[in-house]
Amino acid sequence: MSGAITYTIPGMRVREQFVDAPLDWSDPGRGTIQLFVRELVDPARAGEDLPCLVYLQGGPGGKAPRPLDRSGWLGVALGTHRVVLADQRGTGRSTRIDGRRMSAFATAREGADFLACFRADAIVADHEHLRRTLYGGRRWSTLGQSYGGFLTMTYLSRAPEGLSSCYVTGGLPGLDPSAAEVYRRTYPRVEAKNAILHRRYPHAAERVARIADRLAEGGVRLPDGDVLTVRRLQSLGVDLGMKPGHERLHWLLDEAWSGDELSATFLHQVLARTSYSDNPLYAALQESIYAHGPGPTGWAAQAELPRHPRFAEDARPLLFTGEMIYPWMFEEISELRPFRAAVELLAERESWPPLYDPERLAANEVPVAAAVYHDDMYVDAGLQLETAARVGNLQTWITNEYEHDGVREDERVFTRLGQMVRDAGGGVTA
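Report follows, based on the coordinates. (Residues numbered from 1 in each chain as written. Predicted model: local features only at pLDDT ≥ 70, side-chain atom pairs only at ≥ 80, totals over all residues. Heavy atoms only, no water.)

1. Examining the overall build of the protein chain
Stage number 1. Within the protein chain one finds 18 helices and 13 strands.
Stage number 2. Relative to the globule expectation of 22 Å for 430 residues, the C-alpha radius of gyration of the protein chain, 22 Å, shows essentially globular dimensions.
Stage number 3. Summarising its shape, the C-alpha atoms of the protein chain cover approximately 65 × 50 × 45 Å along the three principal directions.
Stage number 4. In the protein chain, which comprises 430 residues, the share counted as buried stands at 57%. (Helix = DSSP H or I, 4+ residues; strand = E, 2+ residues; numbered from the N terminus. Rg over C-alpha atoms; globule rule 2.2 N^0.38 Å. Buried < 20%, exposed > 50% of the residue type's maximum accessible area, 1.4 Å probe, protein only.)

Below, the structure written as structure tokens:
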């Protein structure tokens, strides 16, 4: 553990430190990594013995938020808690995994075995290590956004004794994970989000077609030298499941052209949104989060694609894809190329450790309140409700008022989940 530093930003007292952890919790002899932890507290209450709320970030491969102020859910939480923001292993200031690190492995097998140490089971073990090391082993609450809900189910399966209450927003995973089933359900939802884009902005289809036709001719390069292909253009649809995603895409298309050529503004923005420079683990581990027990993931999004011909590159109107990760990305995107050989082996891996314990979840006593967004593009509402029915002491709030990022858009989401737990008797205290 390294020395902590403290400072104040508007409305928050901040404490930061690093903690060492094993790379592989099942084999500590493989070496260590560092975990970066940032704690926030109301400056007026910094000396008080407050309970802790841990934010479990979405992803996979997402670092903890970098707050600018105490607005939204954070402001609500700081009224009663210390808020713990840990960069998940491999992200942010925790020992970061990027292309340079992956290029250092002598073989693809070494790289694949390394990446396998960055799944939900290891992230939960990290948080238990932080709870015992930094917080005296006291129970804490969790707020799991998106993939953070997946982590919550793993946490409840492996170490419920560390939890006093759990809040989940848009992130109850299927307990019998199947990447194939996930993407079978995903494509129709993404198509529906495309339909919303075309209803709101009737001119979008023509603009996208013109761009795609130019890209199909070849020779269009992004500022980093990568060739911009039609399928990379389609991947911009990953944003359509967020509240302002349709608008962000609309305005991107608005400035696509400078005369007869694609504009520098457009190309720079496309690079920023599709390079994975800030979160390469998202692409590398996306399908592995659904791996559970026997059977490979087998590039499930790619395998499902031919069943949805409206997503073809030559289809018009051209449809955007969602959070699907495809093999071509590790060839065409420079930030991802060093991951290619290792990720190929992960897709072929025949067996994975279990992430969830259905029997333990059925007997769960830790109060859980989950917001299920009815129209969620990323995590199927039907699968979420199937899971909710199998987890003890879990309440759901089903709503179509919000997109996948509802908890970030409106503090009332977190407030309502907190009230649900309080109305049911509050969290576990001992």
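2. Considering the pairing of strand β5 (residues 82–87)
Stage number 1. The buried count for β5 comes to six of six residues, which makes it a mostly enclosed element.
Stage number 2. Residues Arg-82, Val-84 and Ala-86 of β5 are buried on one face, and the alternating residues Val-83, Leu-85 and Asp-87, pointing to the opposite face, are buried as well.
Stage number 3. Of the strand pairs in this sheet, strand β3 (residues 32–41) and β5 are connected by five bridges, and their pairing is antiparallel. When the sheet's bridge partners are listed, Phe-36 is paired in β5 with Asp-87.
Stage number 4. Bridge count for strand β4 (residues 52–56) against β5 is three bridges, and the pairing is parallel. (Pairing = 2+ DSSP bridges.)

3. Describing the side chain of Ser-275
Stage number 1. Tracing the backbone shows Ser-275 in the loop between α10 (264–274) and α11 (280–285).
Stage number 2. In this view, Ser-275 contacts Arg-232, Ile-333 and Glu-335; residues no more than four positions away in its chain are not counted. (Contact = heavy atoms within 4.5 Å.)

4. Quick look at the nonpolar core
Stage number 1. Ranked by internal contacts, the top residues of the largest apolar core, which has 113 residues, are Leu-115, Trp-140, Leu-233, Phe-266, Met-329, Phe-330 and Phe-339.
Stage number 2. Ignoring any residue separated from it by four or fewer positions in sequence, one finds Met-329 in contact with Ser-235, Tyr-276, Met-324 and Leu-336. (Core = buried A, V, L, I, M, F, W, Y, C linked by side-chain atoms within 4.5 Å.)

5. A closer look at the packing of aromatic side chains
Stage number 1. This model, assessed by the stated rule, comprises 16 aromatic pairs.
Stage number 2. Aromatic pair Tyr-167 and Phe-414: ring centres 5.5 Å apart, planes at 80°, arrangement edge-to-face. Taken as a pair, Tyr-167 in strand β7 (residues 163–169) and Phe-414 in helix α18 (residues 411–423) lie far apart in primary sequence, 247 residues in all. Each of the two residues, Tyr-167 as well as Phe-414, counts as buried.
Stage number 3. Ring-pair connections join several aromatic residues into one group, and the members of that group are Tyr-55, Trp-73, Tyr-167 and Phe-414.
Stage number 4. The residue whose ring lies beneath Arg-89 is Phe-118, and the NZ or CZ to ring-centre distance is 5.5 Å. (Phe/Tyr/Trp six-rings, centres within 6.5 Å; stacked < 30°, edge-to-face > 60°. Lys NZ or Arg CZ within 6 Å of the ring centre and 35° of its normal.)

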